[in-house]
Protein chains: 2
Amino acid sequence: MIDRLVIVGLGLIGGSLARALKERNAVGEVIGTGRREASLIRGQELGVIDRWTLDLGEAVKDADVVVIAAPTLAAEKVLESLKPHMRPDLIVTDVASVKGSLVTAAERIFGEVPAQFVPGHPIAGSEQSGVEASTGDLYVDHRVILTPLPTTRTDALETIRAMWQATGAEVVDMDVAEHDVVLAATSHLPHVLAYGLVDALAQSGSAQAIFRFAAGDFRDFTRIASGDPVMWHDIVRANRGAVLDSLDTFTEHLAEMRRAIESDDSEAILATFERAKAARDKHFLTQYQVKGKPQGATD
Amino acid sequence: MIDRLVIVGLGLIGGSLARALKERNAVGEVIGTGRREASLIRGQELGVIDRWTLDLGEAVKDADVVVIAAPTLAAEKVLESLKPHMRPDLIVTDVASVKGSLVTAAERIFGEVPAQFVPGHPIAGSEQSGVEASTGDLYVDHRVILTPLPTTRTDALETIRAMWQATGAEVVDMDVAEHDVVLAATSHLPHVLAYGLVDALAQSGSAQAIFRFAAGDFRDFTRIASGDPVMWHDIVRANRGAVLDSLDTFTEHLAEMRRAIESDDSEAILATFERAKAARDKHFLTQYQVKGKPQGATD
């Protein structure tokens, strides 16, 4: 039970966290803050937060936990604004998609990463955004990754773990670097590929015909290229090293496939396709069909 | 109105065509043939076909139209089997995903492409397959591409056009080569990329973690890597030239994106993402939301 929780940046992610904790009586008072006054007003109208202020210092005074519910680069700025208001008994966490860059930023801002800061990343989301789209069950059966450092205080880690568990999420601890490698492969690289493919086709001579005859497969494959370009640009920049590594691994693999196709190496083409299908079916059909519920992604 | 129609290979595509024509009284008798007796028996039980035979010659005797409803390489074999039974008044069409290779095969088999052969490709499909999954509205508001040659007989072309129009589809004529270029870009290349990405990740050291934390975005992006490996291997081989061209265009584009990410060229990254989002939103939000119905792909 958290007595007083502050959400900085009230959108889908922060709003859904507040709703989930309120519905499960896992929080006393929820205070909203951030730069978008309209979201805060709406959040209070909807009962997602109890009160709000545009003043971060006022918001965190007497608070127990602050959740920085802002995208990757914005989260760094919030950490800076939070610096004058930090207290040992104020536990801080975030939801940004890249952890290494934020940990580095925290080190730069505070001299060392504060022991009460628990970097986190809920792997959940929705096609929609904004506090209006928030729901109390967004995190049920979803995973939340926490990336504590060796210097992170245990009480801070356990408070944040309990907070996410109260929402129905499965909480997993992971190394900062491993988190960024895994997310580069499963989320950041696919976005680069989807944006890249759509842009390449849009610039080709047959763009009209290509989009006219594109069917469901293409639309699914490129759906993520409808994501917010600014946010994804921030993420790719923040996770540059891991994104480049996974891009290089993929490019090498693609070059091998090109050689197989060019030399009409039937066996090699089929072997690749079969391995891929088997891997995908194995991991996803067993993993997700049990829960019977599709999962979204934060960003 | 087609008096007697033969479907060679009774699955989702052929079965849905038969159902659509029957429901709209656009066909007299539908005869099923092919190698899978079980599908033919089931098709008759379901009322999709009126009768069936395993003997192709018997099936097409007295028929007006034959639809080769088989995948790319199988369609070539059906054309060969059909050779001894060809008559000037027997109109032939197909549904294969690659048109150039089949036209070349027809030329090889018959000496010249028969004037009553109309190559076709319905851009429709479903996650499911088999005659059980067939429905009479699969083609409603979907596109069917016909790729007639200059030597194709007009009466044959118009018969096949009218047949597909009767199912509720929009029929579009296209050049054989253009069809293959467009499908390479929108369907065949995305499959190569999805299979390639999943295979690359499955072989990486972090495979367990990668698939464990992959969220909805990744599942959508790689859904097509659950397609039938043999069928896609056939398609990629049959459309090798166009697939390699589109792969090379994409690879060049990706190399540019890599340079932008490596040199932290914020402007270039953002410009690519923004162009891609704009192109995708422009083409898909206007094109499909009017009809309000998602479209699938043949294969």
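From a predicted model like this one, the values you see are computed outputs, not experimental measurements.

A. Quick peek at the environment of Gln203(A). Mapped onto the elements of the fold, Gln203(A) is located in the loop between helix H7 (176–202) and helix H8 (207–213). The partly exposed category is assigned to Gln203(A), whose relative accessible area is 49%. Gln203(A) has contacts with His253(B) and Arg275(B), leaving out every residue within four places of it along the chain.

B. A look at the relation of the copies chain A and chain B. Taken as rigid bodies, chain A and chain B are interconverted by a rotation of 180° and an axial shift of 0.0 Å, the fit giving an RMSD of 0.0 Å. Put plainly, the chains are arranged around a two-fold axis. Among all residues of chain A, the one whose C-alpha sits closest to the rotation axis is Phe221(A), at a distance of 2.2 Å. In this assembly, 100% of the residues forming the interface of chain A have copies in chain B that are likewise at the interface, indicating an isologous arrangement.

C. Seen up close, the sheet that holds strand S6 (residues 117–118) of chain B. All names here are of chain B. The six strands lie next to each other as S3-S2-S1-S4-S5-S6, forming an open sheet whose pairing is parallel. Across the chains shown, the open sheet's two edge strands, defined by having one partner strand only, are strand S3 (51–52) and S6. Pairing of strand S4 (residues 65–68) with strand S5 (residues 91–94) involves four bridges; the strand directions are parallel. In the strand pairing of S5, Val66 is matched with Val92.

D. Summary view of the packing of aromatic side chains. Scanning the entire structure with this criterion turns up eleven aromatic pairs over all chains. Plain terms: the ring middles of Tyr195(A) and Phe273(B) are 4.1 Å apart, the flat faces sit at 10° to each other, and that makes the pair stacked. With one member in each of two chains, Tyr195(A) in helix H7 and Phe273(B) in helix H12 (residues 266–289) form a pair that bridges those chains. On the basis of an interplanar angle of 70° and a centroid distance of 6.1 Å, the ring pair of Phe211(A) and Phe218(A) is categorised as edge-to-face. The same class applies to Phe211(A) as to Phe218(A), namely buried. We note Arg219(A) situated over the ring of Phe284(B); from NZ or CZ to the ring centre the distance is 5.9 Å.

E. Summary view of the packing of helix H11 (residues 240–262) of chain A against helix H7 (residues 176–202) of chain B. Relative orientation of the contacting elements H11(A) and H7(B) amounts to 125°, with a least axis distance of 9 Å. Classified by the angle their axes make, H11(A) and H7(B) are oblique. Considering how the two elements wind past one another, H11(A) and H7(B) form a crossing that is right-handed. Residues Phe250(A), His253(A), Leu254(A), Met257(A) and Ile261(A) of H11(A) touch H7(B), and the partners they reach there are Val192(B), Leu193(B), Gly196(B), Leu197(B), Asp199(B) and Ala200(B). In terms of residue class, the contact of H11(A) with H7(B) is built from eight nonpolar, two polar and one charged.

F. Focus on the interface of chain A and chain B. Taken together, the 90 residues of chain A in the interface contact 90 residues of chain B. Summed over both sides, the interface between chain A and chain B buries roughly 8600 Å², with carbon and sulfur atoms accounting for 68% of that surface. At the boundary of chain A and chain B, one finds twelve salt bridges. The shortest N-O distance in the salt bridge between Asp220(B) and Arg223(A) comes to 2.6 Å. Across the contact surface, chain A and chain B share 32 residue pairs in polar contact (both at pLDDT 80 or more). Broken down by secondary-structure element, the contributors of at least two residues to the side of chain A that touches chain B are strand S8 (143–146), strand S9 (170–173), H7, H8, helix H9 (216–222), helix H10 (229–238), H11 and helix H12 (266–289) of chain A.

G. Examining the pairing of strand S5 (residues 91–94) of chain A more closely. Residues and elements named next belong to chain A. The side-chain alternation of S5 yields two buried faces, one formed by Ile91 and Thr93 and the other by Val92 and Asp94. With respect to chirality, the unit in which strand S4 (residues 65–68) leads through helix H4 (residues 72–82) into the neighbouring parallel S5 is right-handed. Bridge count for S5 against strand S6 (residues 117–118) is two bridges, and the pairing is parallel. Of the residues in S6, the one forming a bridge with Thr93 is Val118.

H. How the structure looks around the pattern of salt bridges. Applying the stated criterion to the full structure yields 46 salt bridges over all chains. The salt bridge partner of Asp199(A) is Arg275(B), with a shortest N-O separation of 2.7 Å. With Asp199(A) in helix H7 and Arg275(B) in helix H12, this residue pair bridges two chains. Of the charged contacts in the structure, one is a salt bridge between Asp281(A) and Lys277(A), with a shortest N-O distance of 2.9 Å. Of this pair, Asp281(A) and Lys277(A) are both found in helix H12, four residues apart, which corresponds to roughly one turn of the helix. Taken together, the salt bridges that share partners define one network made up of Arg4(A), Glu29(A) and Arg51(A).

Parameters at a glance
- Residues numbered from 1 in each chain as written.
- Chains lettered and ligands numbered in written order.
- Predicted model: local features only at pLDDT ≥ 70, side-chain atom pairs only at ≥ 80, totals over all residues.
- Heavy atoms only, no water.
- Helix = DSSP H or I, 4+ residues; strand = E, 2+ residues; numbered from the N terminus.
- Buried < 20%, exposed > 50% of the residue type's maximum accessible area, 1.4 Å probe, protein only.
- Contact = heavy atoms within 4.5 Å.
- Least-squares fit on C-alpha atoms with pLDDT ≥ 70 in both.
- Pairing = 2+ DSSP bridges.
- Phe/Tyr/Trp six-rings, centres within 6.5 Å; stacked < 30°, edge-to-face > 60°.
- Lys NZ or Arg CZ within 6 Å of the ring centre and 35° of its normal.
- Axes fitted to C-alpha atoms, helices over the stretch in contact; angles between N-to-C directions.
- Parallel < 35°, antiparallel > 145°, perpendicular 65-115°, else oblique.
- Left-handed = near helix turned anticlockwise from the far one by under 90°.
- Nonpolar A, V, L, I, M, F, W, Y, C, P; charged D, E, K, R; others polar.
- Buried area = accessible area lost by both parts, 1.4 Å probe.
- Salt bridge = Lys/Arg side-chain N within 4 Å of Asp/Glu carboxyl O.
- Polar contact = N/O pair within 3.5 Å; in protein donor to acceptor, adjacent residues only side chain to side chain.
- Right-handed = clockwise from strand over helix to strand, strands pointing away.

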